[in-house]
Amino acid sequence: MTPQAKSSLPKTTVEKAARELGGPREPGGRTVPAFGGVAADRPLERMEIERREPDAHDVEIEIEYCGLCHSDVHSVRGEWGEVRYPYVPGHEIVGRVRRVGAEVSGFTEGERVGVGCLVDSCRECESCREGLQQYCTGSELGGGVPTYGAEDYRHGGEQTQGGYSTSVVVNEGYVLRIPEGMDPASAAPLLCAGITTYSPLRHAGVGTGTRVGVVGLGGLGHMAVKIAKAMGAEVTVFSRSDGKREAARELGADAYVNSSDEQAMKGARRSLDVVIDTVAAPHSLDGYLAALARDGRLTQVGLPSEPMPPVNPAHLIMRRVSYGGSLIGGLPETQEMLDFCAEHGIAADIETVEADGVNAAYDRMVAGDVKYRFVLDVASLRR
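Scope of this entry: the structure provided in the associated data block. Only a predicted model underlies this, so the values are computations on that prediction, with no experimental measurement involved. (Residues numbered from 1 in each chain as written. Predicted model: local features only at pLDDT ≥ 70, side-chain atom pairs only at ≥ 80, totals over all residues. Heavy atoms only, no water.)

## Side note on the environment of G209
Right, on to step 1. Relative to the elements of secondary structure, G209 occurs in the loop between α5 (193–203) and β12 (211–215).
Right, on to step 2. Classification of G209 by relative accessible area gives partly exposed; the value is 39%.
Right, on to step 3. A sequence separation of 25 residues divides G209 from E234, and the C-alpha atoms of the two residues are 6.1 Å apart.
Right, on to step 4. In this structure G209 touches G232, E234 and D273, once residues within four positions along its chain are discounted. (Helix = DSSP H or I, 4+ residues; strand = E, 2+ residues; numbered from the N terminus. Buried < 20%, exposed > 50% of the residue type's maximum accessible area, 1.4 Å probe, protein only. Contact = heavy atoms within 4.5 Å.)

## What about the pattern of salt bridges?
Opposite charge on two side chains makes pairing possible when the charged atoms of those side chains draw close.
Right, on to step 1. Taken as a whole, this structure holds 27 salt bridges when the rule is applied.
Right, on to step 2. Ionic pairing is found between D356 and R46, a salt bridge with its closest N-O pair at 3.2 Å. Here the residue D356 occupies a position in the loop between β18 (350–353) and α12 (358–367), and R46 occupies one in strand β2 (residues 45–51), the gap between them amounting to 310 residues.
Right, on to step 3. Look at D356 and you get exposed, because its relative accessible area is 60%. (Salt bridge = Lys/Arg side-chain N within 4 Å of Asp/Glu carboxyl O.)

## Section: helix α11 (residues 331–344)
Right, on to step 1. Taking 1.5 Å of rise per residue, 14 residues should cover 20 Å, and α11 covers 20 Å from first to last C-alpha, within 8% of that figure.
Right, on to step 2. Of the residues making up α11, those classed as buried are L331, E333, T334, Q335, M337, L338, F340 and C341.
Right, on to step 3. Considering only its buried residues, α11 is in contact with β11 (176–177), α5 and α6 (219–230).
Right, on to step 4. Note on α11: the residue one or two positions beyond its end, G345, has a positive phi of about 65°. (Expected span 1.5 Å × (residues − 1).)

## A look at α12
Residues spaced three or four apart along an α-helix face the same direction, because each turn holds 3.6 residues.
Right, on to step 1. The set of residues buried in α12 consists of V358, A361, Y362 and M365. Along the axis of α12, the buried positions cluster into a sector of 105°, meaning they face one direction only.
Right, on to step 2. Contacts made by the buried residues of α12 are with β1 (30–36), β3 (58–68), α2 (70–76), β18 and β19 (373–377).
Right, on to step 3. Where α12 terminates, the next one or two residues include G368, which has phi positive at roughly 75°. (Arc of directions from axis to C-beta.)

## A few points about the pairing of β19
Right, on to step 1. Among the 5 residues that make up β19, 4 are buried, leaving the element largely enclosed by the rest of the structure.
Right, on to step 2. The sheet contact formed by β3 and β19 spans 4 bridges and is antiparallel. Counted as the bridge partner of Y65 is D377 from β19.
Right, on to step 3. Across 4 bridges, β18 lies against β19 in parallel orientation. Bridge pairing in β19 links E351 to F374.
Right, on to step 4. In this fold, β18 hands off to α12, which returns the chain to β19; that crossover is right-handed. (Pairing = 2+ DSSP bridges. Right-handed = clockwise from strand over helix to strand, strands pointing away.)

## Focus: the packing of aromatic side chains
Right, on to step 1. Counted according to the given criterion, the structure contains 4 aromatic pairs.
Right, on to step 2. Between F238 and Y288 the ring centres are 5.4 Å apart and the planes differ by 80°, which places this aromatic pair in the edge-to-face class. In this pair, F238 sits in strand β13 (residues 234–239) while Y288 sits in helix α9 (residues 286–290), placing the two residues 50 residues apart along the sequence.
Right, on to step 3. Taking the relative accessible area as the measure of exposure, F238 reaches 1% and is therefore buried.
Right, on to step 4. Assessed through its relative accessible area of 9%, Y288 is described here as buried.
Right, on to step 5. Aromatic rings pair up to connect Y85, Y87 and Y148 into one cluster.
Right, on to step 6. Its guanidinium or amino end placed over the ring of F107, R177 lies 4.6 Å from that ring's centre, counting from NZ or CZ. (Phe/Tyr/Trp six-rings, centres within 6.5 Å; stacked < 30°, edge-to-face > 60°. Lys NZ or Arg CZ within 6 Å of the ring centre and 35° of its normal.)

## Description of the environment of T208
Right, on to step 1. Here T208 shows up in the loop between α5 and β12.
Right, on to step 2. On the accessibility criterion, T208 (78% relative accessible area) is exposed.
Right, on to step 3. Spatially, the C-alpha atoms of T208 and D72 are 35 Å apart, while their sequence positions differ by 136 residues.
Right, on to step 4. Discounting chain neighbours no more than four positions away, the residues touching T208 are M231 and G232.

## Quick look at the sheet that holds strand β16 (residues 292–300)
Right, on to step 1. With respect to topology, 6 strands assemble into an open sheet ordered β14-β13-β12-β15-β16-β17, the strand pairing being parallel. A strand with exactly one partner marks an edge of an open sheet, and here the two such strands are β14 (255–258) and β17 (322–325). Across the sheet, the axes of successive neighbouring strands diverge by a mean angle of 20°, strand direction being ignored. (Axes fitted to C-alpha atoms, helices over the stretch in contact; angles between N-to-C directions.)

## A short note on the state of the cysteines
Right, on to step 1. Inspection of every chain in the model, using the stated rule, returns 0 disulfides.
Right, on to step 2. For C117, which is in no disulfide, the shortest distance to another cysteine sulfur is to C192 and amounts to 4.1 Å. (Disulfide = S-S within 2.5 Å.)

In short, the description is geometric, and any link to function would need to be established separately.
This is how it looks when you write it as structure tokens:
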């Protein structure tokens, strides 16, 4: 275990916070309210989890809001592999700094901050040195440390637990600043949905006049439309019916294609430079690859739980089209995304839920009945 750091806050402040958020601190940490899974086939429920005492380089955050991501559903229900319960999801965390370690200089008590999909990485491999912590290849880790459901090797191998809780302790290098003026609830999904779509758009060099297609108009898709438009792109939305045509227009899309309409898909051929595919269910890519002009690229960000149908190589070869994927973003790019969204007035369209409504929200996510992201009001865990 890492050495404990003395609190930098006045004793009265610490005691007041302790009374409000889970009682007095013990030397090794403290117990806080949370909402999580106890088995793959059971609903999430209220529970208590242990949070470590901050060390010299840690930031303790009093959580205000946490986004509900579809990956939370897959993970806690065991659809992406074996799960060790109890299991508290949540990697779209926004809150206030409550305490900082003795050697933390970049954050102060009361500042609004965020935590996204990672809480650590090896910090030494080529990817980490380049600020691409999501692609960490450190031998001890075999990748970065996700915010929940991962082994926290720097802290005795304990399992990381996520943001469906009243507080979290995170190394300062994995904490982000939420720009002043941003609504904290609407900012939470930016820490996953926002960066997941911002990163491939930026990597593709999207700018004024770039023709961008967005496949799917859900939590990821609606962010892709907003961000691409703010970058200056002409945006076309693809969806399986005409049901989201008006919603796409309201978000700023320039065109809409019903992907179930064969003639509409033929009309979209060779019309785009970049396609961002946000759909997290298996589906054919042929029509979207055909929509790309020469040297176009299709980037997959939706992650199905089952394999996708095979790609026809002719779509790639005949126009030098590329197909690839993108995983969230590193810490520097995530901060850049937050600042970009603040500058352009971009926020997620959300519906807030209380803790006792999380299970119903999960069912609605699976049914596609949300416009466009759910966010947990963590105050409901304190009541």
